[in-house]
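Descriptive analysis of the structure
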Amino acid sequence: MSVEAIAADGAVGRDALYKRVCWRIIPLLILCFIVAYYDRVNISFAKLQMQDQLKFSDTVYGLGASLFFVGYIIFEIPSNVILHRVGASVWIARIMVSWGLASALMMFVTQPWHFYAMRFIVGAMEAGFLPGVVLYLTYWLPSRRRARANSLFMTAISLSGITGGPLGGWILTRFAGVNGWSGWQWLFLLEGLPAVLLGLVVYWSLDDRPATAAWLSEPDKRAIEADIAVEETGAAQHGIGSSFTDRRTLFLSAVYCLILVGLGGVTFWMPQLIKNAGNLDAFAVGQVTAIPWLIGGLGMLLVARHSDRSGERKWHLALCAMASGVGYAISAAFPTDLTIAVAGLSLATTGILAIFPVFWTVPSTFLGGAAAAAGIAFINSVGNLGSIFSPTFIGWVNDQTKSTQLSVAVIAGLMMAAGLLIVLFWPKPAVRP
């Protein structure tokens, strides 16, 4: 047996192998997700200018923000099934090029129906990216190592918030009036085109499976395949249709729906909440929004690391959801105190972000093969009903009450409900940590 094979067989060798795998594939995926999140949520910064210029109400804005997820939901399951069949490099590249072009075209919106149509199209084009990457990581890493890998990938959400706020604020102010375009138009253009370029990088540099990776030795490939095969013997190889009716899939979908209501609050409304609390200009809002995302990203890494080391999932998820609810409640109670509002939003963001890497280790423990591709996409699709509800509900309530307090308080309650649902109904015998 070769030295490489012996190393791969030992615990130290496995650790080194999977560390090398993560360093090879995750940095590019992080960069892609950062750009994806820019294009998904830059509307929250564009709102600071375009809402006044185009005379859009909060209801119009909230509905447009929600329609992204309608397109996303419709095309998500087919997208993941196609990725499983044709490979990640081709399909993720297609997703990125098409969503980048659609996002850039948002700069030409002038009427509410333009806004609605383009948000739907951007969502349809991006459909399948997140569940596609979640599925892709199951080809490379066993579940006991996946929460930490997921957390590294999902630091992109935090990094996009940390960098996207200051970048968005800078573009809105620096480019306003250049070439006769508003700052919000430049925002869509300058944050849309990088996705197209990254899509080409993905096509040429991302390996679909360990077996096709030239940078892995044959013993390394066999070691990864053996680890994955052991797990697949325990994960049911259902047909695609049966993965939609599995009670564990339905339970995770319901929990994820509530979680995404909470994510929608910080994603689409944090800049407005901070602006209201501190009466700040667009550039200052961009700077301050980086704080909750930075704290949330660090918290996510720590929680995922602890969950992987302990092998525990249920209580990590439940306590994070409840912590997020407490954070939202603080923000609702002190809407005009900038310091306290930012502290509350930081706790809310930390709780939400820490949920994702732990949550996405669970589906592949009971689904395998094509059923895993469809099941992961199904959970994400049903869950995104929460993403549709959140911006629309907040916008409508804000218009009716002329305040954000009630809508934020409702989101706090729903996050607490998510935590209680996990505590009371977690399918412990079936979903293995």
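Keep in mind the model is a prediction, meaning the values are calculated, not measured.

1. Digging into the state of the cysteines
In total, this model carries 0 disulfides according to the counting rule given. Here Cys-22 stays unpaired: no disulfide links it, and the sulfur of Cys-32, its closest cysteine neighbor, is 16 Å away. Taking the relative accessible area as the measure of exposure, Cys-22 reaches 16% and is therefore buried. Classification of Cys-32 as buried rests on a relative accessible area of 0%.

2. Focus: helix H5 (residues 112-126)
Between its first and last C-alpha, H5 extends 21 Å over 15 residues, near the 21 Å set by a 1.5 Å rise per residue. Among all positions in H5, only Phe-115, Met-118, Arg-119, Val-122, Gly-123, Ala-124 and Glu-126 are buried.

3. A few points about the environment of Ile-171
As for its placement among the helices and strands, Ile-171 is situated in helix H7 (residues 146-174). Taking the C-alpha atoms as reference points, Ile-171 and Thr-249, separated by 78 residues in sequence, lie 42 Å from one another. Setting aside residues up to four positions removed in sequence, Ile-171 forms contacts with Ala-176, Gly-183, Trp-186, Leu-187, Leu-190 and Glu-191.

4. A word on unusual backbone geometry
With phi around 60°, Lys-55 is a residue other than glycine that occupies positive phi space. Mapped onto the secondary structure, Lys-55 falls in the loop between helix H2 (11-54) and helix H3 (58-86). With a phi angle near 60°, Asn-179 is a residue other than glycine that sits in the positive phi range. By secondary structure assignment, the location of Asn-179 is in the loop between H7 and helix H8 (183-205). Judged by relative accessible area, Asn-179 falls into the exposed class, the value being 58%.

5. Notes on the nonpolar core
If you look at the biggest cluster of nonpolar residues, it comprises 134 residues, and the most contacted ones within it are Phe-33, Phe-129, Trp-140 and Phe-359. If one sorts the elements of this core by residue count, H2 sits on top with 23 residues. Excluding residues that lie within four positions of it along the chain, Phe-359 makes contacts with Leu-252, Val-255, Tyr-256, Ile-259, Leu-317 and Ile-379. Membership of the second largest hydrophobic core comes to 5 residues, among which are Val-81, Ala-374, Ala-377 and Phe-378.

6. Description of the pattern of salt bridges
Between side chains of opposite charge, pairing is possible as soon as their charged atoms come close. Applying the stated criterion across every chain yields a total of 6 salt bridges. Taking the shortest distance from any N to any O, the salt bridge between Arg-20 and Asp-220 comes out at 2.5 Å. Residue Arg-20 is located in helix H2, and its partner Asp-220 is located in helix H9 (residues 218-234); the two are separated by 200 residues in the primary sequence. As a salt-bridge pair, Lys-47 and Asp-58 come within 3.5 Å of each other at their nearest N and O atoms. Here Asp-58 lies in helix H3 and Lys-47 lies in helix H2, a separation of 11 residues in the sequence. By the burial criterion, Lys-47 is buried, and Asp-58 matches it.

7. Some remarks on the confidence of the model for the protein chain
For the protein chain, the average pLDDT comes to 84, and 92% of its residues sit at 70 or higher. Low pLDDT (under 50) marks residues 429-433, which in the prediction has 11 contacts with non-local residues, meaning those over four places away or in another chain.

8. A word on the packing of helix H4 (residues 88-104) against H8
When two helices pack together, you describe them by how their axes are tilted relative to each other and by the distance separating the axes. In contact at an axis separation of 7 Å, H4 and H8 are set at 165° when each is read in the N-to-C sense. Accordingly, the angle class assigned to the pair H4 and H8 is roughly antiparallel. Relative to H8, H4 is oriented so that their crossing is left-handed. Along its contact with H4, which presents Ser-89, Val-90, Ile-92, Ala-93, Met-96, Val-97, Trp-99, Gly-100, Leu-101, Ser-103 and Ala-104, the element H8 presents Phe-188, Leu-189, Gly-192, Leu-193, Ala-195, Val-196, Leu-198, Gly-199, Val-202 and Tyr-203. Of the residues that constitute the contact of H4 with H8, the class distribution is 16 nonpolar, 5 polar and no charged.

9. As for the packing of aromatic side chains
Applying the stated criterion across every chain, the model contains 23 aromatic pairs. When the ring of Phe-175 is compared with that of Trp-186, the centres are 5.4 Å apart and the planes differ by 40°; the resulting orientation is tilted. One end of the pair, Phe-175, is in the loop between H7 and H8; the other, Trp-186, is in helix H8, with 11 residues separating them in the sequence. Both residues of the pair, Phe-175 and Trp-186, belong to the buried class. For the ring pair Phe-251 and Trp-426, a centre distance of 6.0 Å and an interplane angle of 80° mean the geometry is edge-to-face. Within this pair, whereas Phe-251 is found in helix H11 (residues 247-278), its partner Trp-426 is found in the segment after helix H17 (405-425), the two being separated by 175 residues in sequence. Taken individually, Phe-251 and Trp-426 each receive the classification buried, so the pair is uniform in this respect. Among the aromatic residues, ring-to-ring pairing joins Phe-33, Tyr-37, Trp-99, Phe-129 and Phe-153 into one connected group. Geometry around Trp-91 places Arg-94 over its ring, the cationic atom sitting 4.4 Å from the centre. Positioned over the ring face of Phe-175 is Arg-174, at 5.6 Å from the centre of the ring.

10. Structural notes on a positive patch on the surface
Side chains of Lys-19, Arg-148, Arg-305 and Arg-309 sit close together on the surface and give a patch of like positive charge. As for its position among the elements, Arg-148 is in helix H7. The exposure class assigned to Arg-148 is partly exposed, which follows from its relative accessible area of 43%.

Thresholds applied
Residues numbered from 1 in each chain as written. Predicted model: local features only at pLDDT ≥ 70, side-chain atom pairs only at ≥ 80, totals over all residues. Heavy atoms only, no water. Disulfide = S-S within 2.5 Å. Buried < 20%, exposed > 50% of the residue type's maximum accessible area, 1.4 Å probe, protein only. Helix = DSSP H or I, 4+ residues; strand = E, 2+ residues; numbered from the N terminus. Expected span 1.5 Å × (residues − 1). Contact = heavy atoms within 4.5 Å. Core = buried A, V, L, I, M, F, W, Y, C linked by side-chain atoms within 4.5 Å. Salt bridge = Lys/Arg side-chain N within 4 Å of Asp/Glu carboxyl O. pLDDT = per-residue confidence, 0-100. Axes fitted to C-alpha atoms, helices over the stretch in contact; angles between N-to-C directions. Parallel < 35°, antiparallel > 145°, perpendicular 65-115°, else oblique. Left-handed = near helix turned anticlockwise from the far one by under 90°. Nonpolar A, V, L, I, M, F, W, Y, C, P; charged D, E, K, R; others polar. Phe/Tyr/Trp six-rings, centres within 6.5 Å; stacked < 30°, edge-to-face > 60°. Lys NZ or Arg CZ within 6 Å of the ring centre and 35° of its normal. Patch = residues over 30% accessible without salt bridge, like charges linked within 9 Å, V, L, I, M, F, W, Y side chains within 5 Å. Areas by Shrake-Rupley, 256 points an atom, 1.4 Å probe, with all protein chains shown as cover. Lys, Arg positive; Asp, Glu negative; His and termini not counted. Charge placed at Lys NZ, Arg CZ, Asp CG, Glu CD.

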